[in-house]
Amino acid sequence: MEHKNINVKLKVWRQKNSKEKGSFETYNANNISQEMSFLEMFDVLNEQLIVEGKDPVAFDHDCREGICGMCSMYINGRPHGPWQANTTCQLHMRAFNDGDTIVVEPWRANAFPVVKDLMVDRSAFDRVIQAGGYISVNTGNAVDANALPVDKAKADAAFAAAACIGCGACVAACKNSSAMLFVSAKAAHLNQLPQGEPEKKTRVINMVAQMDKEGFGACTNTGACEAVCPKEISITNIARLNADYAVASLTATK
Amino acid sequence: MLNSKIPAGPLETKWKNYKSTCKLVNPANKRSLEVIVIGTGLAGASAAASLGELGYKVKAFCFQDSPRRAHSIAAQGGINAAKNYQNDGDSVYRLFYDTIKGGDYRAREGNVHRLAEVSTNIIDQCVAQGVPFAREYGGLLSNRSFGGTQVQRTFYAAGQTGQQLLIGAYQALERQVALGNVTMYARHEMLDIVMIDGKARGIIARNLVTGELERHFGHAVLLCSGGYGNVFYLSTNAMGSNVTAAWKAHRKGAYFSNPCFTQIHPTCIPVSGDHQSKLTLMSESLRNDGRIWVPKKQGDTRKPNEIPEEERDYYLERRYPAFGNLVPRDVASRAAKERCDAGYGVGTSKQAVYLDYAAAIQRYGKIEAGKRGINADADTITQMGKDVVKEKYGNLFDMYAKITGENPYEVPMRIYPAVHYTMGGLWVDYELMTNIPGLYALGEANFSDHGANRLGASALMQGLADGYFVIPYTIGNYLADEIRVKAISTDHPAFAEAESKVRDRIHMLMNIKGTKTVESFHKRLGKIIWDKCGMARNAEGLKQAIKEVQQLKQEFWSDVRIPGEINEMNPELDKANRVADFIELGELMCIDALNREESCGGHFREEHQTEEGEALRHDDKFMYVASWEMKGEHEWQLHKEELNYEVVKPSQRSYK
């Protein structure tokens with residue numbers, strides 16, 4: 001694989017904190033190896049800013065292997081940048097050409113207020129999970145794991161939904177800032193398993209209520225969420241959630 | 001004297017007897033007992049959830065924006081449990097034995113046996129929580145093999161087992177948050193332990209968003225803050241993984257054990273350049289099907305696919321026919337280093353070996369063709385084989401392709417060992433309590449279960465064992481005597497003093513206003529430790545490293561440049577706090593490695609090897625846990641905890 005070094009121009013959103021207004025700043029990132037990840041390119045930029053006595057760009061990141069869900073840049077109008085099924089930390093500079101201008105923003109959504117620069121507050125997702133994204137089983141109550149066989153197709157489907165990393169790209173991509181893909185993925189994970197059956201109805205009602213309370217917008221099925229999801233969570237989960245929600249609402253006992 | 005408090009009696013009954021006789025706390029009293037949990041990985045989240053369920057008032061802290069981000073999430077391969085679902089001869093004793101042997105006879109028998117015992121409960125618990133483990137068509141759970149064992153006991157969820165287990169624990173934790181039993185503090189970093197009358201009674205934490213220092217009281221404090229692999233700068237750990245919480249405890253008197261026992265994982269994507277910020281693991285499960293090789297000719301520059309079969313050296317299969325590509329990690333890593341050092345390495349850096357899936361693709365393709373009863377041509381067989389490999393390891397292959405720009409279905413992957421896990425950590429007794437009363441360490445943060453080398457799929461097991469099944473019992477044995485202690489006001493002078501020391505240190509760091517970035521110091525530290533206290537160590541190099549680290553410390557404290565302010569979000573300041581601690585730890589690691597004049601597990605002293613280049617232990621002199629007490633600047637005192645093997649007879653490990 002041939003690699004070369006490139007120069008790019010970055011237009012980066014700078015915002016001191018949640019109270020102050022932000023704006024774009026332009027930086028040059030020169031002599032960037034195409035083998036670098038996008039965040040490593042930002043590391044280089046930050047080192048340069050510190051040496052120049054300027055404030056480095058704050059951004060969320062941790063595992064840098066595409067699984068923790070912490071990185072969250074909106075790159076050239078697309079969450080996590082141009083590659084399919086990818087996170088920002090796994091985006092590599094091979095995706096760009098010499099002389100490119102790259103615009104980098106935080107996730108934009110009322111439910112995700114900016115903390116600083118490219119960092120946002122995604123605690124709304126945690127509160128949605130608190131509303132019902134679990135199976136109520138205390139430690140020590142479990143029967144033997146193989147006492148409850150689970151249809152492989154269902155187990156696989158549950159796993160595919162559970163692969164969600166909670167990054168929030170779906171919300172950032174949606175024109176309404178809807179969190180339906182996130183919520184539906186968790187519902188699909190738990191509702192398809194026999195262990196999750198007893199709480200199925202309360203789960204969907206409570207999670208959807210919390211989602212609305214957090215200020216996420218409505219879903220209009222445009223599919224932008226699925227298109228940018230780093231884990232390729234399927235939009236069919238939303239249909240399933242809507243169906244489960246309808247049944248739960250119609251048969252609610254309280 | 002260190003008292004490990006291993007219960008008396010036969011090995012198989014120790015834990016059972018402990019559970020039946022330890023003190024209990026009644027539900028009404030639990031409501032007024034407060035527990036602080038630092039870190040929300042597998043150990044922390046499971047502990048916080050379980051203690052919340054029991055009725056304790058729990059406060060949980062993590063530095064990430066959500067507890068679900070903790071680095072346990074990145075564990076790929078799986079979790080061991082002695083279920084014997086495969087009927088292949090597994091048992092609690094075998095899991096215990098494999099772990100002790102894999103750890104090169106430097107772990108405690110009592111702890112490891114307990115770990116093997118509760119391993120089966122973990123799988124049950126996780127399935128009940130809805131963790132979607134891989135299943136067979138009959139609906140029952142599937143298993144795979146892992147290094148250092150000859151049975152299939154590893155449960156997994158594709159290459160995302162850690163993610164699924166952590167999400168399970170995270171959901172249990174969030175349920176307790178919703179029920180009001182746990183209060184969650186995300187984007188907070190613990191910066192000191194508060195001690196009152198010789199007991200751990202709380203912490204000082206920095207709110208990473210506002211920069212404010214906060215005081216939190218607890219009747220007990222649990223450190224579940226993970227390992228210290230980032231001392232090497234480049235490792236498979238997350239960028240934020242740090243030793244700070246454990247190190248603050250160490251500075252307050254908690255002993256740090258076996259710091260030189262670090263695990264270098266054999267299958268990681270090689271370093272590509274100076275810009276590299278971290279290394280990425282390719283799961284050990286890939287060694288199930290992949291074959292590791294280098295060219296038989298030194299400095300061979302041909303492309304891998306141009307090198308004929310007979311000119312390839314499958315060196316693990318050659319050296320270790322019984323275990324082949326599935327030897328333990330320390331053995332596989334050293335073998336790769338040996339080949340590269342001898343000039344057989346591949347890729348542009350020559351610091352890599354091949355992990356080849358061509359044979360597995362053909363084998364699986366033929367099995368598929370057989371299953372479907374078709375007489376397929378070569379291309380179809382290859383395609384069907386690729387489909388099987390994709391189902392098993394697809395996410396790992398994708399990750400490799402993104403990072404390297406190469407297609408691992410077509411060309412062999414290049415891999416090289418990288419720092420992955422740290423067996424050393426805070427000294428704890430059987431109850432997971434450090435030598436400071438009321439201060440506990442769980443999961444990777446403690447030293448207790450893996451000896452000098454951890455077997456694959458055992459880290460997840462230990463984290464969850466400690467959090468779900470051990471601490472709920474052992475903490476009661478301590479807190480039962482604390483029920484008369486009312487919550488102590490955070491106005492207590494001990495809190496004020498601890499906070500002012502933290503504040504002073506932060507001011508000192510900010511006021512250095514030097515010329516070099518925190519990152520540059522971290523990189524230099526990593527290079528010293530990797531070169532001299534990495535896969536192979538010797539006395540001369542270690543002595544040199546100690547000097548270099550001491551110099552680095554001095555330079556750091558006089559020339560580091562931290563931008564920004566104290567009372568605001570300041571990631572550079574947070575990083576500086578962590579790197580300052582890593583520097584001190586780096587020195588202790590080298591001291592420990594110098595002291596241990598033997599080779600065992602991940603600790604390979606070049607002076608101590610067999611004629612065949614295998615690790616040579618000196619059981620007569622070093623059958624002990626090296627626990628270090630900090631006495632002052634650059635000064636530590638060694639305390640030895642002798643290891644007694646009552647059941648297993650230590651022998652030279654053989655995987656041939």
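Everything below is about the structure printed above this text.
Just so it is clear, the model here is predicted, and its values are computed rather than measured. (Residues numbered from 1 in each chain as written. Chains lettered and ligands numbered in written order. Predicted model: local features only at pLDDT ≥ 70, side-chain atom pairs only at ≥ 80, totals over all residues. Heavy atoms only, no water.)

1. Description of the overall build of chain A
Working step 1: Check the secondary structure of chain A and you find 8 helices and 7 strands.
Working step 2: Across its three principal axes, chain A shows a C-alpha extent of roughly 65 × 45 × 35 Å.
Working step 3: Evaluated residue by residue, chain A yields a buried proportion of 58% over its 254 residues.
Working step 4: A separation threshold of at least 6 residues defines the contact pool for chain A, and within that pool the share at least 24 residues apart is 69%.
Working step 5: As displayed, chain A has an accessible area near 10,100 Å², and 49% of this comes from carbon and sulfur atoms.
Working step 6: The centroid of the 26 positive side-chain charges in chain A is displaced by 6 Å from the centroid of its 28 negative side-chain charges. (Helix = DSSP H or I, 4+ residues; strand = E, 2+ residues; numbered from the N terminus. Buried < 20%, exposed > 50% of the residue type's maximum accessible area, 1.4 Å probe, protein only. Contact = heavy atoms within 4.5 Å. Areas by Shrake-Rupley, 256 points an atom, 1.4 Å probe, with all protein chains shown as cover. Lys, Arg positive; Asp, Glu negative; His and termini not counted. Charge placed at Lys NZ, Arg CZ, Asp CG, Glu CD.)

2. Considering the interface of chain A and chain B
Working step 1: Contact with chain A, which involves 74 residues of that partner, is made by 76 residues of chain B.
Working step 2: For the chain A and chain B pair, buried surface summed over both sides reaches about 6,100 Å², with 52% attributable to carbon and sulfur atoms.
Working step 3: The tally of links between chain A and chain B comes to 5 salt bridges.
Working step 4: Put simply, chain A and chain B have 44 residue pairs in polar contact (both at pLDDT 80 or more) between them.
Working step 5: Within the residue set of the side of chain A that touches chain B, elements represented by two or more residues are α1 (38-51), β6 (114-116), β7 (119-120), α2 (123-130), α3 (152-162) and α5 (180-191) of chain A. (Buried area = accessible area lost by both parts, 1.4 Å probe. Salt bridge = Lys/Arg side-chain N within 4 Å of Asp/Glu carboxyl O. Polar contact = N/O pair within 3.5 Å; in protein donor to acceptor, adjacent residues only side chain to side chain.)

3. Some remarks on the side chain of Asn237(A)
Residues and elements named next belong to chain A.
Working step 1: As for its position among the elements, Asn237 is in helix α8 (residues 236-251).
Working step 2: You can call Asn237 buried: its relative accessible area is 8%.
Working step 3: Look past the residues within four positions of Asn237 in its chain and what remains in contact with it is Ala161, Ser184, Ala185 and Ala188.

4. Describing the nonpolar core
Working step 1: Residues Ile79(B), Phe133(B), Leu222(B), Leu223(B), Tyr357(B), Tyr440(B) and Ile475(B) are the most contacted members of the largest nonpolar core, which totals 242 residues.
Working step 2: The leading source of residues in this core is helix α16 (residues 571-595) of chain B, at 12 residues.
Working step 3: When sequence neighbours within four positions are dropped, the list of residues in contact with Tyr357(B) reads Ser285(B), Leu286(B), Asp289(B), Gly290(B), Val389(B), Tyr393(B), Phe397(B) and Met413(B).
Working step 4: Counting 27 residues, the second largest nonpolar core, distinct from the first, contains Met36(A), Val57(A), Met73(A) and Val104(A). (Core = buried A, V, L, I, M, F, W, Y, C linked by side-chain atoms within 4.5 Å.)

5. Some details on the sheet that holds strand β16 (residues 425-426) of chain B
Residues and elements named next belong to chain B.
Working step 1: The antiparallel open sheet is built from 4 strands, whose spatial order is β16-β10-β20-β21. Both edges of this open sheet fall to β16 and β21 (635-642), since each of them pairs with a single strand only.
Working step 2: As defined by bridge partners, strand β10 (residues 256-257) adjoins β16 across 2 bridges and the pair is classed as antiparallel. Of the residues in β16, the one forming a bridge with Ser257 is Gly425.
Working step 3: Against the sheet, helix α7 (residues 244-251) contacts β10, β16, β20 (624-632) and β21, and its axis sits at roughly 70° relative to β20.
Working step 4: α16 contacts β10, β20 and β21 of the sheet and is inclined by roughly 135° relative to β20. (Pairing = 2+ DSSP bridges. Axes fitted to C-alpha atoms, helices over the stretch in contact; angles between N-to-C directions.)

6. Focus on the pattern of salt bridges
Residues and elements named next belong to chain B.
Working step 1: All told, the structure shown has 73 salt bridges over all chains when counted by the stated rule.
Working step 2: A salt bridge links Asp65 to Arg69, with the shortest nitrogen-to-oxygen separation between them at 2.8 Å.
Working step 3: Two residues, Asp192 and Lys252, come together in a salt bridge whose shortest N-O distance is 3.0 Å. A residue pair is termed long-range when its members are at least 10 positions apart, and Asp192 in strand β6 (residues 188-196) and Lys252 in the loop between α7 and β10 qualify at 60 residues.
Working step 4: On the basis of relative accessibility, which here comes to 9%, the residue Asp192 falls in the buried class.

7. Some words on the packing of aromatic side chains
Working step 1: Under the definition given, this model contains 33 aromatic pairs over all chains.
Working step 2: With a centroid separation of 5.9 Å and an interplanar angle of 80°, the aromatic rings of Tyr85(B) and Phe155(B) are classed as edge-to-face. Residue Tyr85(B) is found in the loop between β3 (79-80) and α4 (92-102), and its partner Phe155(B) is found in strand β4 (residues 154-155); the two are separated by 70 residues along the sequence.
Working step 3: Geometrically, the ring pair formed by Phe397(B) and Tyr409(B) is tilted, given 4.7 Å between the ring centres and 45° between the ring planes. Of the two residues, Phe397(B) sits in helix α11 (residues 378-404) while Tyr409(B) sits in the loop between α11 and β15 (413-422), which places them 12 residues apart along the sequence.
Working step 4: Positioned above the aromatic ring of Phe24(A) is the side chain of Lys11(A), whose terminal nitrogen or guanidinium carbon lies 5.9 Å from the ring centre.
Working step 5: The ring of Trp15(B) carries Arg114(B) above its face, with NZ or CZ at 5.0 Å from the centroid. (Phe/Tyr/Trp six-rings, centres within 6.5 Å; stacked < 30°, edge-to-face > 60°. Lys NZ or Arg CZ within 6 Å of the ring centre and 35° of its normal.)

8. Structural notes on the environment of Asn84(B)
Residues and elements named next belong to chain B.
Working step 1: Following the sequence through the fold, Asn84 ends up in the loop between β3 and α4.
Working step 2: Given a relative accessible area of 28%, Asn84 falls into the partly exposed group.
Working step 3: Distance in space between the C-alpha atoms of Asn84 and Gln152 is 8.0 Å, their sequence separation being 68 residues.
Working step 4: The contacts of Asn84, once residues within four sequence positions are left out, are Gly89 and Asp90.
Working step 5: Side-chain polar atoms of Asn84 contact the backbone nitrogen of Asp90, separated by 3.2 Å.

9. What about the sheet that holds β6(B)?
Residue and element names in this part refer to chain B.
Working step 1: Judged by pairing direction, the sheet is antiparallel, and its 3 strands sit side by side in the order β6-β7-β8 without closing on themselves. Bordering the open sheet on either side are β6 and β8 (213-217), each of which pairs with just one other strand. For this sheet, the mean inter-axis angle between neighbouring strands, taken without regard to orientation, is 30°.
Working step 2: Across 5 bridges, the pairing between strand β7 (residues 199-207) and β8 is antiparallel. The residue bridging Ala205 from the neighbouring strand is Glu214, located in β8.

10. Concerning the environment of Met93(A)
Working step 1: On the secondary structure map, Met93(A) appears in the loop between β4 (78-79) and β5 (101-105).
Working step 2: For the pair Met93(A) and Val8(A), spaced 85 residues apart in sequence, the C-alpha to C-alpha distance is 9.9 Å.

11. Some thoughts on the pairing of strand β2 (residues 57-61) of chain B
All names here are of chain B.
Working step 1: Most of β2 sits inside the fold, with 4 of its 5 residues counted as buried.
Working step 2: Bridge count for strand β1 (residues 34-38) against β2 is 5 bridges, and the pairing is parallel. The residue bridging Ile36 from the neighbouring strand is Lys59, located in β2.
Working step 3: The parallel pair β1 and β2, bridged by helix α3 (residues 42-54), forms a crossover whose chirality is right-handed.
Working step 4: Note: β2 against strand β5 (residues 182-185), 4 bridges, orientation parallel. If you follow Val58 over to β5, its bridge partner there is Val182. (Right-handed = clockwise from strand over helix to strand, strands pointing away.)

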